[in-house]
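Structural overview
Take a look at the letters that make up each chain.
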Amino acid sequence: MFSLWKDHLRDHPKNELILKFLSCVGKRALAALFPHKCLVCGRYIRFRPQPATPTVEPLLCHLFCSACLETGVNPIESPLCTQCGKPFASRTGTDHPCADCLHASDPTHDRIGMVRAFGHYDALLKECIHLLKYRKKTSLARPLGRLMFQTFQHHFVTGPLHVIVPVPLHRKRLVHRGFNQAYLLVHEFPRLFKEWAGVAPGWTISNSLLFRSRNTLSQTGFDKARRAENIKGAFRVKHPSKVQGKRLILTDDVYTTGATAREAASTLFKAGALSVDLLVLARA
Ligand SMILES: [Zn+2]
Ligand SMILES: [Zn+2]
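Rules of the game
- Residues numbered from 1 in each chain as written.
- Chains lettered and ligands numbered in written order.
- Predicted model: local features only at pLDDT ≥ 70, side-chain atom pairs only at ≥ 80, totals over all residues.
- Heavy atoms only, no water.
- Helix = DSSP H or I, 4+ residues; strand = E, 2+ residues; numbered from the N terminus.
- Contact = heavy atoms within 4.5 Å.
- Donors = N, O, S within 2.8 Å, 3.2 Å for Na, K, Ca; no water.
- Tetrahedral: all angles 85-135°; square planar, octahedral: opposite > 155°, others 65-115°.
- Buried < 20%, exposed > 50% of the residue type's maximum accessible area, 1.4 Å probe, protein only.
- Arc of directions from axis to C-beta.
- Core = buried A, V, L, I, M, F, W, Y, C linked by side-chain atoms within 4.5 Å.
- Phe/Tyr/Trp six-rings, centres within 6.5 Å; stacked < 30°, edge-to-face > 60°.
- Pairing = 2+ DSSP bridges.
- Salt bridge = Lys/Arg side-chain N within 4 Å of Asp/Glu carboxyl O.

**Considerations on the environment of asparagine 207**
Along the polypeptide, asparagine 207 turns up in the loop between β3 (204-205) and β4 (210-212). As a C-alpha pair, asparagine 207 and proline 166 span 41 residues in sequence and 6.6 Å in three-dimensional space. Once residues lying within four places of it in the same chain are set aside, the contact partners of asparagine 207 are Pro166 and Tyr183.

Listed below in structure tokens is the structure:
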């Protein structure tokens with residue numbers, strides 16, 4: 001009933017202001033009656049009207065107090081490597097391949113095509129990922145997923161794409177954690193795409209194309225070589241026919257040395273994938 005009334009008001013441009021005013025009053029009243037606590041420090045969050053621009057703060061301001069928000073999220077911006085997505089130390093100039101990518105022994109075959117991350121794995125974004133993964137604050141998945149969608153829009157939305165594949169957890173870890181953060185971060189992508197483009201996406205998200213056949217040790221604390229060794233042979237493709245000739249994007253929460261993503265991509269390439277890109281929330 002209320003939504004019908006809201007839609008009726010929205011049909012009349014003069015009423016848009018009244019609607020905004022009522023919405024603001026309603027939010028203030030709710031915030032005064034049921035104040036939220038900051039996910040980091042536990043202080044009560046004071047209500048702040050949200051700015052209209054879709055920046056980082058409006059997405060997170062109902063979850064963190066001003067002081068914790070001020071620790072900041074640092075988005076990754078150009079100039080960066082066109083392939084591995086590493087941001088260059090120099091903040092001027094255009095995107096181009098970095099020295100590592102130029103000198104890679106096999107620059108085209110069976111390699112992740114493009115790696116892109118929303119932000120640096122530091123400050124508030126690092127805190128957010130820890131809260132989501134280790135303290136199960138799943139209310140963060142929605143705003144963090146929206147930030148990741150901004151990166152998807154910027155770098156991937158026009159390219160050919162068939163399936164988004166969240167990097168899978170082993171069944172035992174999935175049962176222990178209760179969710180796969182790599183999936184939670186992208187599960188709203190089809191809805192966000194439709195909102196933005198006005199049409200349903202031509203791609204899907206799949207949790208079943210790839211699975212983790214071996215329960216590996218946590219990669220935390222391992223160096224690059226140890227990470228690659230630890231993850232070797234950990235993934236399998238259930239039905240190679242569903243991967244053959246397909247263009248895929250792997251998704252994950254953090255990119256550290258890239259060992260996990262490389263192993264997952266290599267498994268997908270062996271099953272016949274045409275291309276594999278990687279989209280993550282943060283890059284260490
Ligand atoms: Zn706080
Ligand atoms: Zn590079």
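Now, onward.
**Quick look at the coordination of the zinc ion (ligand 2)**
All of the protein donors around the zinc ion (ligand 2) are Cys81 (SG), Cys84 (SG), Cys98 (SG) and Cys101 (SG); their distances to the metal are 2.3 Å. Angles of 106 to 113° at the metal separate the four donor atoms of the zinc ion (ligand 2), which places the site in the tetrahedral class. The motif formed by the donor residues of the zinc ion (ligand 2), counted along the single chain, is C-x2-C-x13-C-x2-C. Note that cysteine 84 is positioned in the loop between α4 (66-69) and α5 (99-102) and cysteine 98 in the loop between α4 and α5, a separation of 14 residues in sequence. In this structure cysteine 98 comes out as buried when scored by relative accessible area, which is 4%.

**Here's the deal with the coordination of the zinc ion (ligand 1)**
Summarising the metal site, the zinc ion (ligand 1) is bound by the protein donors Cys38 (SG), Cys41 (SG), Cys65 (SG) and Cys68 (SG), whose distances to it range over 2.3 Å. Look at where the donors of the zinc ion (ligand 1) fall in the sequence and you get C-x2-C-x23-C-x2-C. With cysteine 38 in the loop between α2 (16-33) and α3 (56-60) and cysteine 65 in the loop between α3 and α4, this residue pair connects regions lying 27 residues apart in the sequence. Note on accessibility: cysteine 38 and cysteine 65 belong to one class, buried.

**A few points about helix α10 (residues 189-197)**
Regarding α10, the residues found buried are Phe189, Leu192 and Phe193. The buried side chains of α10 occupy one side of the element, clustering within an arc of 100° when seen end-on. Of the surrounding elements, those touching the buried residues of α10 are α7 (141-155), β2 (163-166), β3 and β7 (275-283). Of the residues trailing α10, glycine 198 is marked for its positive phi of about 85°.

**Considering the nonpolar core**
Leu60, Phe64, Leu140, Leu144, Phe152, Phe189 and Leu281 are the most contacted members of the largest nonpolar core, which has 44 residues in total. Looking at this core, the elements with two or more residues in it are α3, α4, α6 (123-134), α7, α10, β6 (247-255) and β7. If near-sequence neighbours (up to four positions away) are discounted, phenylalanine 152 is found in contact with Val157, Leu161, Ile164, Phe189, Trp203, Ile249 and Leu279. One finds Val115, Val163, Phe235 and Val243 within the second-largest nonpolar core, a separate group that totals 29 residues.

**Section: the packing of aromatic side chains**
The final tally for this structure, using the stated rule, is seven aromatic pairs. Ring plane angle 35° and centroid distance 5.7 Å describe the contact between phenylalanine 149 and phenylalanine 152, whose orientation is recorded as tilted. Residue phenylalanine 149 and its partner phenylalanine 152 are both found in helix α7; the two are separated by three residues, about one turn of the helix. Ring geometry for phenylalanine 193 against tryptophan 196: centres 5.8 Å apart, planes inclined by 70°, an arrangement best described as edge-to-face. Of this pair, phenylalanine 193 and tryptophan 196 are both found in helix α10, three residues apart, which corresponds to roughly one turn of the helix.

**Section: the pairing of β2**
On β2, burial covers both faces: Val163 and Val165 on one face and Ile164 and Pro166 on the other are all buried. Note: β2 against β6, four bridges, orientation parallel. Among the inter-strand pairings, valine 165 is bridged to a residue of β6, identified as leucine 250.

**Comments concerning the pattern of salt bridges**
What the rule picks out here adds up to five salt bridges. Here lysine 133 and aspartate 253 are joined by a salt bridge, their closest N and O atoms 2.9 Å apart. Of this pair, lysine 133 sits in helix α6 while aspartate 253 sits in strand β6; the two residues are 120 residues apart in sequence, bridging distant segments of the chain. Here lysine 133 and aspartate 253 have matching classes, each one buried. Between arginine 191 and glutamate 195 there is a salt bridge; the shortest N-O distance is 2.4 Å. Of this pair, arginine 191 and glutamate 195 both sit in helix α10, four residues apart, which is roughly one turn of that helix. For arginine 191, a relative accessible area of 33% translates into the label partly exposed. One continuous salt-bridge network, built from bridges that share partners, spans Arg142, Glu188, Arg191 and Glu195.

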